[in-house]
Amino acid sequence: LISSKDRPGLHVIHIAAEMAPVAKVGGLGDVLTGLSKALQQKGHLVEIVLPKYDCMQYEHVQDLRGLDMMLESFFEGRTFKNKVWVGTVEGLPVYFIEPHHPGNFFWRGQLYGEHDDFRRFSYFSRAALELLLQLGKRPDIIHCHDWQTAFVAPLYWDIYAPKGLNSARICFTCHNFEYQGTAPASELAFCGLDVGHLNRPDRMQDHSAHDRINPLKGAIVYSNIVTTVSPTYAQEVRTAEGGKGLHSTLNSHSKKFVGILNGIDTDTWNPATDIYLKVQYTANDLQGKYDNKEALRRQLHLSSADVWRPLVGCITRLVPQKGVHLIRHAIYRTLELGGQFVLLGSSPVPHIQKEFEEIANHFRSHEHVRLLLKYDESLSHLIYAASDMLIIPSIFEPCGLTQMIAMKYGSVPVARKTGGLNDSVFDIDDDSIPVQFRNGYTFYTADEQGFNSALDRAIYHYKNDSDSWQQLVQKNMNIDFSWDSSALQYEELYLKSVSRAKAANRS
Ligand code: ADP
């Protein structure tokens, strides 16, 4: 048996649009950093290529410096110059590409949601591969993520492998099949891909129209390994209801498609060392958790009169996927059940943001409800620590990280049984699950009654059996949600794919 230390390490290069904590919108950013760190610890050489956004958290990049090279990459029929920067993020080497293109692609004050996202990220995907070629990199694995860097897969095989960047297998991870990045087929030509060759139903043509191209589909077809972020979600997206139009493509490529549950980065998410908390704490000493509850209440001007009033938290992007109607309902239901409610969320959808602003205003000076409609990393840590329960009533959820973070901080998840929530939250009252795995409250039907059936039981438990609640909190805090076992699964997929390629080359 070869231990991971003796095994020669792989060279893995991630090409992605997000990386926590420098450029994070959601779970993708967390995964990139958590998985990369875990692979690095196993002895692999891991590098990352990101766009150089104007709005990055530059204080988290160490030793940032410009490379003494001018990278020229192809787009819209000509070449453009790019400045390349290198730096270290969380101990990981990162290349940042700054295009000198008149479109100012990454100078927009936000990562996504621009009218020209397809152009911005197809440009980036091509420039990233050009960088690897120019630097003479010989990676074993190029790992791309979500539709923004899905272009890497067809670009690699159609353009870069013939140019000599041919050492790698391509791994693609889809973090959410909702976002596919479709565009008129002609736009694919901007990054140099051959529209005539790729706009076919078995390649990149979108299922909705024969003149639209689907980058996500291209990555499924052109990658050697395709993963998504939980086993249940991997099954759901292979059905007509869950596949958002890609189920038949996924079924045709099912041999290379697997679901691997994400881990969480336990350096970032550890209540014993978390600098954002008022008081650090462990499962053996929960007093710190109660102190954080008190601190949050004071900070948000909520009533502190009753220490034992349950505090229900919700930390989320406010988008339809997250079950916004149930989140709204949860505020009122929590009040009816004698709890306090804190929401931290922001919405890219104007009518949802407006609706929640109205609710926030309504409760502006309420002693038991506070809605904070913004993205705030440090406040999120304090809410995980302070809350007794965290609600995640998602309509669908590829993996979900908040339920795992919540458990690590002793906040009991109240979650809908879908996707990764189904793989990580197990109902306290579900007799079909061994007792040691039961860790939260779940429901299935995505309506108010369904949600109540879980929240009501959670609050009843909290109020009526504090000893067993405390045991639950302590048990949950000790569950291993680290990247160790998930990174091992990625490592195995990489190694298998690399050795298959070597065997094929020999024969
Ligand atoms: P998604 O990727 O769909 O947004 P996940 O549950 O996979 O959902 O990841 C959400 C991540 O983003 C978690 O780390 C969570 O703490 C964080 N997050 C979500 N909303 C906010 C917010 N408003 N402020 C701070 N962090 C947030």
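Reading the values: the criteria
- Residues numbered from 1 in each chain as written.
- Predicted model: local features only at pLDDT ≥ 70, side-chain atom pairs only at ≥ 80, totals over all residues.
- Heavy atoms only, no water.
- Helix = DSSP H or I, 4+ residues; strand = E, 2+ residues; numbered from the N terminus.
- Rg over C-alpha atoms; globule rule 2.2 N^0.38 Å.
- Buried < 20%, exposed > 50% of the residue type's maximum accessible area, 1.4 Å probe, protein only.
- Contact = heavy atoms within 4.5 Å.
- Lys, Arg positive; Asp, Glu negative; His and termini not counted.
- Charge placed at Lys NZ, Arg CZ, Asp CG, Glu CD.
- Core = buried A, V, L, I, M, F, W, Y, C linked by side-chain atoms within 4.5 Å.
- Pairing = 2+ DSSP bridges.
- Near = heavy atom within 4 Å.
- Polar contact = N/O pair within 3.5 Å; in protein donor to acceptor, adjacent residues only side chain to side chain.
- Areas by Shrake-Rupley, 256 points an atom, 1.4 Å probe, with all protein chains shown as cover.
- Nonpolar A, V, L, I, M, F, W, Y, C, P; charged D, E, K, R; others polar.
- Phe/Tyr/Trp six-rings, centres within 6.5 Å; stacked < 30°, edge-to-face > 60°.
- Axes fitted to C-alpha atoms, helices over the stretch in contact; angles between N-to-C directions.

Asks: I'd like a rundown of the overall build of the chain, residues and numbers included.
Replies: For the chain, the count of helices and strands is 16 helices and 17 strands. Scaling as 2.2 N^0.38, a compact globule of 507 residues should have a C-alpha radius of gyration of about 23 Å, and the chain matches this with 23 Å. Seen through its principal axes, the chain has C-alpha atoms that stretch 70 × 55 × 45 Å. With 507 residues in all, the chain has 58% of them scored as buried. Taking the intrachain contacts of the chain between residues at least 6 apart in sequence as the baseline, contacts between residues at least 24 apart amount to 72%. In the chain, 51 side chains carry a positive charge and 57 a negative one; their mean positions are 4 Å apart.

Asks: Describe the nonpolar core, with residues and values.
Replies: Membership of the largest hydrophobic core comes to 97 residues, with the highest contact counts inside it found for Ile-15, Met-19, Val-49, Leu-129, Ile-142, Phe-177 and Tyr-494. Per element, the largest residue contribution to this core is nine residues, and it comes from helix 2 (residues 117-134). What Phe-177 contacts, discounting residues up to four positions off in sequence, is Leu-216, Ile-220, Thr-228, Tyr-233, Val-237, Lys-244, Leu-246, Leu-250 and Phe-257. Formed by 68 residues, the second largest nonpolar core is a distinct cluster that contains Leu-379, Ala-386, Ile-428 and Tyr-441.

Asks: Summarise the pairing of strand 1 (residues 11-15); cite the residues concerned and give the values.
Replies: When you tally the buried positions in strand 1, you get five out of five residues, the bulk of the element. Burial along strand 1 is two-sided: His-11, Ile-13 and Ile-15 facing one way and Val-12 and His-14 facing the other are all buried. Sheet topology note: the strand 1/strand 2 (residues 45-51) ladder contains five bridges and is parallel. Each bridged residue has a counterpart across the sheet, and for Val-12 the counterpart in strand 2 is Val-46. Across four bridges, the pairing between strand 1 and strand 6 (residues 141-145) is parallel. Following the sheet pairing, Ile-13 is matched in strand 6 by Ile-142.

Asks: Could you give an account of the site of the ligand, with specific residues and numbers?
Replies: Around the ligand there are 20 residues in total, and Gly-27, Arg-317, Lys-322, Tyr-384 and Leu-401 lie nearest to it. Taking Lys-24, its side chain carries an N or O atom lying 3.0 Å from an oxygen atom of the ligand. In the complex, 93% of the free accessible area of the ligand, which totals 570 Å², lies under the protein chains. Of all the elements, strand 12 (residues 311-317) adds the most residues to the shell around the ligand, at three residues. Per-class residue counts for the shell around the ligand are seven nonpolar, seven polar and six charged.

Asks: Could you give an account of the packing of aromatic side chains, naming the residues involved and the relevant values?
Replies: Tallying each qualifying case throughout the model produces 25 aromatic pairs. Residues Tyr-290 and Trp-308 carry aromatic rings whose centres are separated by 5.7 Å and whose planes lie at 65 degrees to one another, so their mutual orientation is edge-to-face. Taken as a pair, Tyr-290 in helix 8 (residues 287-299) and Trp-308 in the loop between helix 8 and strand 12 lie far apart in primary sequence, 18 residues in all. What makes Trp-308 exposed here is its relative accessible area of 51%.

Asks: I'd like a description of the sheet that holds strand 3 (residues 62-75), backed by residues and values.
Replies: Spatially, 3-4-5-2-1-6-7-10-11 is the arrangement adopted by the nine strands of the open sheet, whose pairing is mixed. Looking at the sheet topology across the chains shown, the edges are occupied by strand 3 and strand 11 (257-259). Direction aside, neighbouring strands of the sheet carry axes that sit 25 degrees apart on average.

Coordinates in, geometry out; function isn't part of it.
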